Amino acid sequence: MSEIIIEAKDLTKQFKTHKAVDSVSFQIRQGMICGLIGPNGAGKTTIMKMLGGLVLPTSGSFSIFGGSSEKELAHSRSRMSFMIETPYVKEELSARENLEKLRLQKGIPNPRRVDEVLELVGLADTGKKHVKKFSLGMRQRLGLAGALLSKPEIMVLDEPVNGLDPEGIIEIRELLRRFNREENVTILISSHILAELSQLCTDYLFIRKGQIRQFTSAEELHKICGEYYHIDTNDNAVALATLQNKLGIETCDVLKDGTLRLFERLDDLPLISKTLYENGLVPTTLHIHEADLESYYMKLVGDDNAEHSERESAASRS
């Protein structure tokens, strides 16, 4: 099993009477692309700010690369990059000038690295154009370029594809995937574009009203959200054995209520039904189920999108 590189224990942040983050505990392992998912005001940005040292926890603790003291965290953050909320840039400078300034601040010796990241994020042709004339999508690309500059081991990205067109979103997705795969960069990412996260993430951390609702892998989530047959018969134990022995079924889950979820042979409904009947079983439920990350997310957060919007950011400004 891969190394734990970020671990939070009962991490809490309270702004006056509002708990933006309420006793959350989680682990991020090396090599993950972990999607932090929740409605506006759920605490996503506050968690990222605490990891980055921009906001201090009210209580609880977290460690990065095993270190939790102030000195250890400062050293660990030198191996990380952050893109939280709107990236800070000098409006009157070009993309290259902004990155060159950042390179010097971070003590990165190779000046060619600036041109490398500009090419990676698609800003190599912006020349001397000032950032104040950039679109929102271009600013997001520049923020991501800054996050890539130091060749980080961990990237913490808050809405990195905000403002990008579909082509740009795909380009950034492939870039992050390549960094994860080829450089073993661990990524913690939030986005309101859930369909995009579903194509990128290896794991998901669902947060609601400052609390962790669920932490699950993409593989586990696929079983929940993917297509499957929901089967209920007069004897589900016998039905399971029949499907395994007669049809060679291997991926079939038994739920707490005894019903079955069948993830194989989804094009063979007549054969499945016939096999059950021929072995004395009467299906009372036999239908295909299809869900996705968005519908699963809505089940977890309920009406929070309507009632909990912007509370965290309002608290941060107070």
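Per chain, the residues get numbers from 1 upward, laid out in the order the sequence is written. In keeping with the predicted nature of the model, local features appear solely for residues at pLDDT of at least 70, side-chain atom pairs appear and are counted solely at 80 or more, and the whole-chain, interface and lining totals rest on all residues. Each side-chain value is worked out from all heavy atoms of the structure, with water and hydrogens disregarded.

Draft legend 1. Region of interest: the packing of aromatic side chains. Ring pairs are drawn from Phe, Tyr and Trp, using the six-membered ring of Trp, whenever the two centres fall within 6.5 Å, and their geometry is named by plane angle: stacked under 30 degrees, edge-to-face over 60, tilted for the rest. As enumerated under the stated definition, the model contains 2 aromatic pairs in all. Judged by centre distance (5.6 Å) and plane angle (55°), the ring pair of Tyr-228 and Phe-263 falls under tilted. Residue Tyr-228 is found in strand 10 (residues 228-233), and its partner Phe-263 is found in the loop between strand 12 (260-262) and helix 10 (269-278); the two are separated by 35 residues along the sequence. The pair Tyr-228 / Phe-263 is uniform in exposure class, with both members buried. The ring of Phe-15 is capped by Lys-13, whose NZ or CZ atom sits 5.3 Å from the centre of that ring. Seen from the ring of Phe-65, Arg-79 lies directly overhead, with NZ or CZ sitting 3.6 Å from the centre. A helix here means a DSSP run of H or I that spans at least four residues, while a strand means a run of E at least two residues long, and both kinds are numbered starting from the N terminus. Buried residues are those whose accessible area, probed at 1.4 Å on protein chains only, stays under 20% of the maximum for their type, while exposed residues exceed 50% and partly exposed ones sit between those limits. For a ring to carry a charge above it, either NZ of a lysine or CZ of an arginine must fall within 6 Å of the ring centroid while also lying within 35 degrees of the normal to the ring plane.

Draft legend 2. Representation of the pattern of salt bridges within the structure. What counts as a salt bridge is simple: a side-chain nitrogen of Lys or Arg found within 4 Å of a carboxyl oxygen of Asp or Glu. Taken as a whole and judged by the stated rule, the model has 13 salt bridges. Between Glu-196 and Arg-173 there is a salt bridge, and its shortest N-O distance comes to 2.6 Å. Of this pair, Glu-196 sits in helix 7 (residues 194-198) while Arg-173 sits in helix 6 (residues 166-183), and the two are 23 residues apart along the sequence. The residues Glu-196 and Arg-173 share a single accessibility class, namely buried. Taken together, the salt bridges that share partners define one network made up of Arg-173, Glu-174, Arg-177 and Glu-196.

Draft legend 3. Just helix 4 (residues 112-120), in detail. Three or more residues of helix 4 are buried, namely Arg-113, Val-114, Val-117 and Leu-118. Taken end-on, helix 4 shows its buried residues confined to a sector of 135°, consistent with a single buried face. Of the exposed residues in helix 4, those oriented more than 90 degrees away from the buried face are Arg-112 and Glu-119. Residues are treated as being in contact if the distance between any of their heavy atoms lies within 4.5 Å. Check the buried side of helix 4 and you find it contacts helix 3 (95-106), helix 5 (136-148) and helix 6. Throughout, the arc means the angular range of directions from the helix axis out to the C-beta atoms.

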